[in-house]
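Single-letter residue listing:
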Amino acid sequence: MIKRANSTTADKTTEQSLALIRQSLKSTLMDHLEGTHFDGSIPHVFVILGASGDLARKKIYPTLWWLFRDNLLPENTTFFGYSRSKLTVNDIREKCHQYMKVKPEEEGKYEEFWSLNRYIAGSYDTRRDYELLNKELESNEKSVAANRLFYLALPPSVFEVSTTHIREVCMAQKGWTRIIVEKPFGRDAASSEQLSNHLASLFTEEQLYRIDHYLGKEMVQNLMTLRFANRIFSPTWNRDNIASVQISFKEPFGTQGRGGYFDEFGIIRDVMQNHLLQILSLVAMEKPASCHPNDIRDEKVKVLRCISPLELDDVVLGQYVGNPNAKDPEEKLGYLDDPTVPAGSNTPTYAMAVMKINNERWDNVPFILRCGKALNERKAEVRIQYKDVPGDIFDGKPKRNELVVRLQPGEAIYVKFMTKSPGITFDMEETEMDLTYNSRYKKMKLPDAYERLILDVFCGSQMHFVRSDELSEAWKIFTPLLHRIEKEKITPIPYEYGSRGPKEANEKAKENNFRYYGSYKWVKPEQ
Ligand code: BG6
C-alpha cells in the first residue's frame, strides 16, 4: 500500500499529486528494503508471460508505460515479454500502440520505455525455453542482486506448467520473486483448490498476488475509509438501520466477439464471484484489527464464511436477445447470434443473487448482487438503502435514505435524503449530499486500477489482492449453484439488448426489501 498523503488533494494538480505518490513510494520501497542488503537502486525485471495476448496488449503494457512515464517505477526496471509467437519488441509495440495513449510531448520518454523492453519467444511447457529466458534475465541483471516480477497473462490451461517452470528455473537468486496471477482461478471449488494447492507447493502466499482489478478501483479502495474513518456512518451500519444493500455492475455492450471465452464462464464466474463478492466483503466486514493486509483479509474471510451456498431460488438468470428496433446493428444481435458462442448455449449473461450474511450485524439484511452485459447503461455502484423512518409524522411521505457509492463512470459518493421543499411550503422532497470527484477534485487524474495494483506488487503490499482462503470461501458460495445450472441446463430468462435486464429481477429486489420509487434520479453535476 502506498502511504497516505497528509494534506488534502482537492486543489492539487495531477503533477503535484504524482510528486506526492513518488515520495511515498520511495519511502515505502525503502521501508520494505530496510534490513536487507539491497539499496533503493536494485534492478527490477518485470516479465510478462503471454506478451502477445489481449490482456498484455490492452492492459499490462499500457499500465507499465504509464507508470514509467510518471516516474513511479523503481529506477532500473526492465521489461521482458514472453510468449509462443516469434515476434520482436517492435511487433509488440505495434500491437499495443493504440492502447498506450501517448501524447506528442511524451515521444522521447516513450522511446526510452521501449528501449528497456526485450522479447523472447518460447513455449509455455518446455523447460528449455524457460532456461533460455532465465539466461536472458541473468545477462540483463549482470550478476547483481535483482528482483523479479512475473505477470501471468496466460490461458488457464498453461498456468500450472508455466508456474512449475518458473519455480524450477527462473527464480531470482539474490532478490525476491513475485508472481501475479489473473482470474479465472479455477471454475469451481475443486478446480480452484487444485490450482491453489499447486501454487502453494511452489510459492509462499507472500510471493503470490491474485489480481481482482476491482480492488484497484478508487471507490472500492475508499470503502474502508468511508466506513472506518467516519463516526457518522458506523453506528448505523447494521441490521437495525439498513433495509438492503444492492451491489450492481452493468455494461451496455455484449460479448463483442469474445463469446467463445465468455461462454465457458458466464457472468457469475466472470463478474459476480470475484468483483461483486469482493465489494460485498468490504461493505460487510467487521473493522479489522489494523490496516495490515492480513488483518483485512481475515475479516473478509469471516464474512464470506457467514454466507450459505446459493440456491436456485436465490437467483434470477438472464441471457440477452437482439432488440429488433435498435438503431445500432450490434444491438439487433443476441448472445446466441455471436458466432463464437455455441448454438443453444444456456450461459447466463445476466445474474441477480440475493445473499444473506448470518451474523449479528447483518442477520436478515438482503445483499442483492446484480450484474449483466448488454444492458441500458454502464454503471457500477453500491447502494445502501436505509429502513423507513419509524413513527412517521409526515403521512408516509418520506422516501428511504440511500448512501450510494458510485464506482464508475464518474466516481461519486452521495447520500439521498429528504428535505423541506424550499419556500413557503411544508412539503418535502428528495435531494442529495453529493461528493462527485470530478467537481471536488477537479485537477486530479485518478490512476487506473492496474496502475495501483502493479505498484503494490513492487511495494510488496498484498492489501488489495485476494488471499487463497478468500478464494476458497467465495467458491463455496457459488459452486453448488453453478453445478446445478449446468447439470439441469437451467434456461436463462431472455431480455432485450439495451434493456434493464429481466423484469423478474425487479420483483426479486422488491421481495428483498429494496424499494425503487422511480421518482428521483441523481443527475451527475456538470463539469
Ligand atoms: C472483467 C470481466 O474482469 O471485468 C469483463 O472479465 C468485464 O467481462 C470487466 O467487462 C469489467 O471491468 P471494468 O474495469 O471495465 O469495469
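Residues numbered from 1 in each chain as written. Predicted model: local features only at pLDDT ≥ 70, side-chain atom pairs only at ≥ 80, totals over all residues. Heavy atoms only, no water.

### Thoughts on the confidence of the model for the protein chain
Link 1 in the chain: Per-residue pLDDT for the protein chain averages 92, and the proportion of residues at 70 or more is 92%.
Link 2 in the chain: Per-residue pLDDT stays below 50 along residues 33–39; that stretch engages in 8 contacts with residues further than four places along the chain or on separate chains. (pLDDT = per-residue confidence, 0-100. Contact = heavy atoms within 4.5 Å.)

### Thoughts on the nonpolar core
Link 1 in the chain: Grouped together as the largest cluster of nonpolar side chains are 104 residues, with contacts concentrated most on I279, L280, M355 and F367.
Link 2 in the chain: Looking at this core, the element that brings in the most residues is helix α9 (residues 259–284), giving 12 residues.
Link 3 in the chain: If we skip the residues at most four places from it in the chain, L280 touches I247, V303, I307, M355, I357, F367 and L369.
Link 4 in the chain: Formed by 35 residues, the second largest nonpolar core is a distinct cluster that contains W66, I180, I211 and I454. (Core = buried A, V, L, I, M, F, W, Y, C linked by side-chain atoms within 4.5 Å. Buried < 20%, exposed > 50% of the residue type's maximum accessible area, 1.4 Å probe, protein only. Helix = DSSP H or I, 4+ residues; strand = E, 2+ residues; numbered from the N terminus.)

### Things to note about the side chain of K250
Link 1 in the chain: Position of K250 among the secondary structure elements: in strand β7 (residues 242–250).
Link 2 in the chain: You can call K250 buried: its relative accessible area is 7%.
Link 3 in the chain: A polar contact is formed between the side chain of K250 and the side chain of N376, at a distance of 3.0 Å. (Polar contact = N/O pair within 3.5 Å; in protein donor to acceptor, adjacent residues only side chain to side chain.)

### Remarks on the pairing of strand β10 (residues 366–372)
Link 1 in the chain: Most of β10 is tucked away: 7 of the 7 residues are buried.
Link 2 in the chain: Here β10 shows a buried face lined by P366, I368, R370 and G372 and a second buried face lined by F367, L369 and C371.
Link 3 in the chain: When β7 meets β10, the two strands line up parallel, connected through 6 bridges. Residue pairing in the sheet places K250 in a bridge with G372 of β10.
Link 4 in the chain: Of the strand pairs in this sheet, strand β9 (residues 350–356) and β10 are connected by 7 bridges, and their pairing is antiparallel. Within β10, the residue paired with Y350 across the bridge is G372. (Pairing = 2+ DSSP bridges.)

### A few points about the pattern of salt bridges
Link 1 in the chain: As enumerated under the stated definition, the model contains 33 salt bridges in all.
Link 2 in the chain: With a shortest N-O distance of 2.7 Å, E251 and K373 are connected by a salt bridge. A residue pair is termed long-range when its members are at least 10 positions apart, and E251 in the loop between β7 and α9 and K373 in the loop between β10 and β11 (379–386) qualify at 122 residues. K373 carries the same exposure label as E251, and that label is buried.
Link 3 in the chain: Overlapping salt bridges bring together K250, E377, K379, E381, R383, K399, E402, K416 and E430 as one network. (Salt bridge = Lys/Arg side-chain N within 4 Å of Asp/Glu carboxyl O.)

### Topic: the site of the ligand
Link 1 in the chain: Residues in contact with the ligand, as listed here, are K183, H213, Y214, K217, F249, E251, R258, D270, H275, K373 and Q408.
Link 2 in the chain: One of the side-chain nitrogen or oxygen atoms of R258 is found 3.3 Å away from an oxygen atom of the ligand.
Link 3 in the chain: Take H275: an N or O atom from its side chain is 2.7 Å from an oxygen atom of the ligand.
Link 4 in the chain: Its free accessible area being 400 Å², the ligand has 80% of it covered by the protein chains. (Near = heavy atom within 4 Å. Areas by Shrake-Rupley, 256 points an atom, 1.4 Å probe, with all protein chains shown as cover.)

### Some words on the environment of R93
Link 1 in the chain: Along the chain, the position of R93 falls in helix α3 (residues 89–96).
Link 2 in the chain: When the C-alpha positions of R93 and H213 are compared, they lie 24 Å apart, and in sequence the two are 120 residues distant.
Link 3 in the chain: In this structure, R93 is in contact with Y110, E111 and W114, ignoring residues within four places of it in sequence.

### Focus on the sheet that holds strand β13 (residues 412–420)
Think of a sheet as strands paired side by side through backbone hydrogen bonds, with each pair either parallel or antiparallel.
Link 1 in the chain: Across the sheet, which stays open at both edges, the 9 strands sit in the order β14-β13-β12-β11-β7-β10-β9-β8-β15 with mixed pairing between neighbours. Two strands close off the open sheet at either side, each with one partner strand: β14 (428–436) and β15 (493–496). Neighbour to neighbour, the strand axes of the sheet diverge by 20 degrees on average, direction disregarded.
Link 2 in the chain: Here 9 bridges tie β13 to β14, and the two strands are oriented antiparallel to one another. Bridge pairing in β14 places I413 opposite L435.
Link 3 in the chain: Its contacts with the sheet put helix α8 (residues 218–228) on β12 (402–408) and β13, and the angle it makes with β12 is roughly 145 degrees.
Link 4 in the chain: Sheet strands touched by helix α14 (residues 503–511): β8 (315–321), β9, β10 and β15. Its angle to β9, the strand with the most contacts, is close to 10 degrees. (Axes fitted to C-alpha atoms, helices over the stretch in contact; angles between N-to-C directions.)

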